Amino acid sequence: NGKNKYKFKENGEFTFVCVDSNGIEHRYTAKVDYIAKKDIDIELDVKDNINHAIVMVNILKNEAPIKAMYYIPGVKTIDDAIETGILIENNQFRITETDNYTVAAIDEAGNKVRKDFYWKNTSKYTIDVKQNIGGTITPKTPEEIPYRGSQTFNILADTENGYDLIGLKVDGELVEDIVIVDKKQTTYTFNDVTENHSIEAIFKLREYEFDIIQPENGDITPELALVEHGKTIKFDIIPDEGYEVSK
C-alpha cells in the first residue's frame, strides 16, 4: 500500500519478497551504497581516581547507530583497535597503567573513527616506618613513592647496647624469607608499589646463660641464671658446715 518502510543499517544488496492479495510473489532488490556517510568524531573525558582513571566516551556527529567501541594500549590504527582491542561497555572503560591509548568506534553503516590519548598514573603512596627500641630503619621518613615505584630500607640493630635483629614485619605480617646478617642487619625493598605499606623491625635484647658448677662442699644459688645484656645478677655461695670459701 506504499506505506511499509524498512530502515537500512548497513550497506549492501537486499531482496524484498512481497505477496499480493492474489497470492502472487513479487521480488524487489535494493542496492544500498551509502548510509550516514558523514564525519563522526570521538569526545573523551578522562577522570582521575586513586590508582586508576575512568574514561568516558561520547560519539559526535553520527546518524547511524554505533555498532561497537574498543580501546587498546598504544597508538594503533583504526582496524587494529577494532580487531584486537577491548570492547567498551556503557560508554566507559577503566585504565591503570601509564601509556598511550587508542579508542576506536564503528557504526552500523561501516563508518569508523579513532582517537588516541596519553595518560599518566600520578598516584603516590606512603610507607609508614615504625621504629622500635633496639635499632633503626632508614630512611626514617621516606618520600612518597610514585605508582609502581620502589623503595629500599636498611635495618640495623644496636649491637653496642646488646640488641639483635630477630625479624621484620611488613603490613603487620612477619616476613618469613628475610635474610639477617650476623643477627644485626638486613635490607627490604618494596617493588611495584600500588598501595600504602608499613614496615617494622623486631629487636631483642641479648640474654646470657650462666653455667653453674656446684662445688662438692657447698651450694651456689641460683642454680640456673639467664640474664639480659647490661643487667646485674647476684650469686650466693654457701659452704657446708666446717668449710669456707677459699677462692
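Residues numbered from 1 in each chain as written. Predicted model: local features only at pLDDT ≥ 70, side-chain atom pairs only at ≥ 80, totals over all residues. Heavy atoms only, no water.

Caption draft 1: Spatial organisation of the sheet that holds strand β17 (residues 185-193). Spatially, three strands are ordered β12-β14-β17 in an open sheet, and the strand pairing comes out antiparallel. Only two strands of the sheet have a single neighbouring strand rather than two, namely β12 (135-138) and β17. Across this sheet, the average inter-strand angle for adjacent strands is 15°, counted without regard to direction. (Pairing = 2+ DSSP bridges. Helix = DSSP H or I, 4+ residues; strand = E, 2+ residues; numbered from the N terminus. Axes fitted to C-alpha atoms, helices over the stretch in contact; angles between N-to-C directions.)

Caption draft 2: Structural context of the sheet that holds strand β7 (residues 92-95). Pairing is antiparallel in the open sheet, where three strands are placed in the order β3-β4-β7. Where the open sheet ends on each side, the last strands, each with one partner, are β3 (41-49) and β7. Averaged over all pairs of adjacent strands, the angle between strand axes in this sheet comes to 25°, irrespective of strand direction. When strand β4 (residues 52-60) meets β7, the two strands line up antiparallel, connected through four bridges. Looking at β7, one finds that Ile54 is bridged to Arg94.

Caption draft 3: View of the pairing of strand β15 (residues 163-170). Most of β15 is tucked away, with six of its eight residues classed as buried. Note: β15 against strand β18 (residues 197-205), seven bridges, orientation antiparallel. The partner of Leu165 across the bridge, within β18, is Phe203. By the bridge criterion, two bridges tie β15 to strand β16 (residues 173-174) in an arrangement that is antiparallel. When the sheet's bridge partners are listed, Val170 is paired in β16 with Glu173. Between β15 and β16, which pair antiparallel and follow one another directly, the connecting turn spans two residues, one of which, Asp171, has a positive phi of 55°. (Buried < 20%, exposed > 50% of the residue type's maximum accessible area, 1.4 Å probe, protein only.)

Caption draft 4: Main features of the pattern of salt bridges. In total, this model carries eight salt bridges according to the counting rule given. Residues Arg148 and Asp192 are paired through a salt bridge, measuring 2.7 Å at the closest nitrogen-oxygen approach. With Arg148 in the loop between β13 (145-146) and β14 (149-157) and Asp192 in strand β17, the pair connects residues that are 44 residues apart, well separated along the chain. Counted as one network, the salt bridges with shared partners bring together Glu97, Arg148 and Asp192. (Salt bridge = Lys/Arg side-chain N within 4 Å of Asp/Glu carboxyl O.)

Caption draft 5: Structural context of the side chain of His52. Within the element layout of this structure, His52 appears in strand β4. Given a relative accessible area of 15%, His52 falls into the buried group. Polar side-chain contacts of His52 include one of 2.9 Å to the backbone oxygen of Ile50. Separated by 3.3 Å, the side chains of His52 and Arg94 make a polar contact. (Polar contact = N/O pair within 3.5 Å; in protein donor to acceptor, adjacent residues only side chain to side chain.)

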